Amino acid sequence: MLLDHPRPVEDSPLRLEDLPTPTPRPGEIRVRVRCCGLCHTDLHTVEGDLQLPKLPVVPGHQIVGIVDALGPGTHILEKGDRVGIAWLHSTDNQCDYCRRGLENLCDDAQFTGYHVDGGYAEYTVVDENYAYRIPEVFSDENAAPLLCAGIIGYRSYRLSGVRPGQRLGLYGFGASAHLVLQFARHQGCDVYVFTRTAIHRELAQHLGAAWVGSAEDTPPQPLDAAIIFAPAGALVPQALRVLRKAGTLALAGITMSSIPPLDYSLLYQERVIRSVANSTRQDAREFLQLAAQVPLQTEVEIFELEQANQALQALKRSQIKAAGVLRM
Ligand SMILES: [Zn+2]
Ligand SMILES: [Zn+2]
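Fair warning: this is a prediction, and the values are worked out from it, not measured in the lab.

Engineer: So what exactly am I meant to see when it comes to the overall build of the protein chain here?
Structural biologist: Regarding its fold elements, the protein chain presents 10 helices and 17 strands. Computed over its C-alpha atoms, the radius of gyration of the protein chain comes to 19 Å, within 12% of the 20 Å expected for a compact globule of 328 residues. Over its C-alpha atoms, taken along the principal directions, the protein chain stretches across nearly 55 × 45 × 35 Å. Within the protein chain, residue pairs in contact and separated by at least 24 positions form 70% of the contacts whose partners lie at least 6 positions apart. Carbon together with sulfur atoms contributes 45% to the accessible area of the protein chain, which is approximately 14200 Å² in total. Averaged over its 30 positive side-chain charges, the protein chain has a centre that lies 6 Å from the centre of its 37 negative ones.

Pasting the structure below:
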């Protein structure tokens, strides 16, 4: 499914197009895509909330598929291996950030379904160093949401600094939060979920949230850390209000509406606000292993590739309970 010009998903901007099957270049593998998860970033791409470096572009960056061709010089993966491809498509491996273990911030990073064609397609190619083996415990469809929702959720969880036994708040409850909730509970945290959407509240309760309410509500206890997944800056003061001294508020979104003026007292006492941007290959590998150990249960709603427009419309209207996946 190809995007020629960004516009609202209600106008069905993605169209089906027969593209030539890509040939893997040196170091690359070709993957026959089995399914691809839907992400809010796809919505921001398709609707043009993000500046698009490539048009037309095939969106999608939570790809699960089978290696079906090897470029010259590949030596890690074999034909027939099941792999995942995530948002980080390549880095320069040499800038200051890459050398500091922050390749997620690489000056020259390329992102899947953004700088290069992604997974709303039958085939895609990637450098074999940027593909991950998928643990057997997950089906294709269940693995797809792990590749962005899961990995970004994991990095956000790590950067929130929450420790086992502490209280973690989650603002917005979709694909990422429903995985972080399970992961955090597995680590012994109590999870407090702030969402207005009825289907999301139900799912949060079902997955064992200690408390579920709205952003305006005050939970019975102050929180040690919180993560905002919703792209709403107005949530920042709301979340700081219920955060303990020295607590960290992590912002997981790639875009966010303006943050309203903050009373300094909300931030004082060494509270920290930090954003989370992209993820490293190390995050991906660590997370996939941990996800299999838990094992995380991904709630998925499946759409056919041709229904990509309708699937994104459902995502925009919060009609998808947890994670949406396109099947090829
Ligand atoms: Zn770099
Ligand atoms: Zn994503």
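Moving on from the model shown.
Engineer: Sorry, what's going on with the coordination of the zinc ion (ligand 2) here?
Structural biologist: In this structure, Cys-39 (SG), His-61 (NE2) and Cys-148 (SG) serve as the protein donors to the zinc ion (ligand 2), at separations of 2.0 to 2.2 Å. Read in sequence order, the donor residues for the zinc ion (ligand 2) give the motif C-x21-H-x86-C. One end of the pair, Cys-39, is in the loop between strand E3 (28-37) and helix H1 (40-46); the other, Cys-148, is in the loop between helix H3 (140-143) and helix H4 (149-160), with 109 residues separating them in the sequence. Across the pair, Cys-148 and Cys-39 agree in class, each one buried.

Engineer: What am I meant to see in the packing of aromatic side chains here?
Structural biologist: The geometry of an aromatic ring pair is captured by two quantities: the separation of the ring centres and the angle between the planes. In the structure shown here, the tally under the stated rule is nine aromatic pairs. Here Tyr-157 and Phe-183 contribute two aromatic rings whose centre-to-centre distance is 5.1 Å and whose plane-to-plane angle is 85 degrees, an arrangement assigned as edge-to-face. With Tyr-157 in helix H4 and Phe-183 in helix H5 (residues 175-186), this residue pair connects regions lying 26 residues apart in the sequence. A residue is classified by how much of its surface remains accessible, and Tyr-157, at 7% relative accessible area, is buried. Look at Phe-183 and you get buried, because its relative accessible area is 4%. Of note, Arg-281 hangs over the ring of Tyr-130, and the distance from its end group to the ring centre comes to 3.9 Å.

Engineer: Before we go on, may I ask you to explain the coordination of the zinc ion (ligand 1) in this structure?
Structural biologist: Geometry sets the ideal angles at a metal, namely 109.5 degrees for four tetrahedral donors and 90 or 180 degrees for six octahedral donors. Bound to the zinc ion (ligand 1) are the protein donor atoms Asp-92 (OD), Cys-95 (SG), Cys-98 (SG) and Cys-106 (SG), situated 2.0 to 2.3 Å from the metal. Taken in sequence order, the residues that donate to the zinc ion (ligand 1) follow the motif D-x2-C-x2-C-x7-C. Of this pair, Asp-92 sits in the loop between strand E6 (88-90) and helix H2 (96-99) while Cys-106 sits in the loop between H2 and strand E7 (110-111), and the two are 14 residues apart along the sequence.

Engineer: What is the right way to look at the sheet that holds strand E14 (residues 243-251) in this model?
Structural biologist: Sheet strands associate in pairs through backbone hydrogen bonding, adopting either a parallel or an antiparallel arrangement. Pairing in this open sheet of six strands is parallel, and the strands run E12-E11-E10-E13-E14-E15 from one edge to the other. Of all the strands in the sheet, the pair left with one neighbour each is strand E12 (211-213) and strand E15 (272-275). Within this sheet the neighbouring strands show an average axis-to-axis angle of 15 degrees, counted without direction. Pairing geometry for strand E10 (residues 167-171) and strand E11 (residues 190-194), over five bridges, is parallel. Looking across to E11, one finds that Leu-168 is bridged to Val-191. Strands E10, strand E13 (223-228), E14 and E15 of the sheet are contacted by H4, whose axis makes an angle of about 145 degrees with E13. Across the face of the sheet, H5 comes into contact with E10, E11 and E13 while running at roughly 175 degrees to E10.

Engineer: Quick question: what am I supposed to make of the nonpolar core here?
Structural biologist: For soluble globular proteins, nonpolar side chains are generally found buried alongside one another. Counting residues in each nonpolar core, the largest one holds 51 residues, and the members touching the most others are Leu-168, Leu-170 and Leu-181. Per element, the largest residue contribution to this core is seven residues, and it comes from H5. Excluding anything up to four places from it in sequence, Leu-168 contacts Tyr-157, Ser-160, Val-162, Val-180, Ala-184, Asp-190, Val-191, Tyr-192, Ala-225, Ala-226 and Ile-227.

Engineer: How should I be thinking about the packing of H4 against helix H9 (residues 281-293) in this particular structure?
Structural biologist: The axes of two packed helices give the description: the angle between them and the distance between them. H9 packs onto H4 with a crossing angle of 100 degrees between their chain directions and a minimal axis gap of 9 Å. With respect to H9, the axis of H4 lies roughly perpendicular. Where H4 abuts H9, its residues Gly-150, Ile-151, Tyr-154, Arg-155 and Arg-158 lie against Asp-283, Ala-284, Glu-286, Phe-287 and Leu-290. Residue composition of the contact of H4 with H9, by class: five nonpolar, one polar and four charged.

Engineer: Even after reading the chapter, I still don't get the pairing of E3, so can you show me in this structure?
Structural biologist: Every other side chain in a regular strand lies on the same face of the sheet, so the side chains alternate between the two faces. E3 sits mainly inside the fold: eight of its 10 residues count as buried. Relative to strand E8 (residues 123-127), E3 runs antiparallel, the two being bridged by five bridges. Across the sheet, the residue bridging to Arg-32 is Tyr-123, located in E8. For E3 and strand E4 (residues 63-70), the ladder comprises seven bridges, and the chain directions are antiparallel. Looking at the pairing, Cys-35 lines up with Val-64 of E4. Looking at chain direction, E3 and strand E17 (residues 323-327) are connected through three bridges and run antiparallel. Within E17, the position partnered with Gly-37 by the bridge is Val-325.

Rules used throughout
- Residues numbered from 1 in each chain as written.
- Chains lettered and ligands numbered in written order.
- Predicted model: local features only at pLDDT ≥ 70, side-chain atom pairs only at ≥ 80, totals over all residues.
- Heavy atoms only, no water.
- Helix = DSSP H or I, 4+ residues; strand = E, 2+ residues; numbered from the N terminus.
- Rg over C-alpha atoms; globule rule 2.2 N^0.38 Å.
- Contact = heavy atoms within 4.5 Å.
- Areas by Shrake-Rupley, 256 points an atom, 1.4 Å probe, with all protein chains shown as cover.
- Lys, Arg positive; Asp, Glu negative; His and termini not counted.
- Charge placed at Lys NZ, Arg CZ, Asp CG, Glu CD.
- Donors = N, O, S within 2.8 Å, 3.2 Å for Na, K, Ca; no water.
- Buried < 20%, exposed > 50% of the residue type's maximum accessible area, 1.4 Å probe, protein only.
- Phe/Tyr/Trp six-rings, centres within 6.5 Å; stacked < 30°, edge-to-face > 60°.
- Lys NZ or Arg CZ within 6 Å of the ring centre and 35° of its normal.
- Pairing = 2+ DSSP bridges.
- Axes fitted to C-alpha atoms, helices over the stretch in contact; angles between N-to-C directions.
- Core = buried A, V, L, I, M, F, W, Y, C linked by side-chain atoms within 4.5 Å.
- Parallel < 35°, antiparallel > 145°, perpendicular 65-115°, else oblique.
- Nonpolar A, V, L, I, M, F, W, Y, C, P; charged D, E, K, R; others polar.

Shape descriptors only; they carry no functional weight alone.
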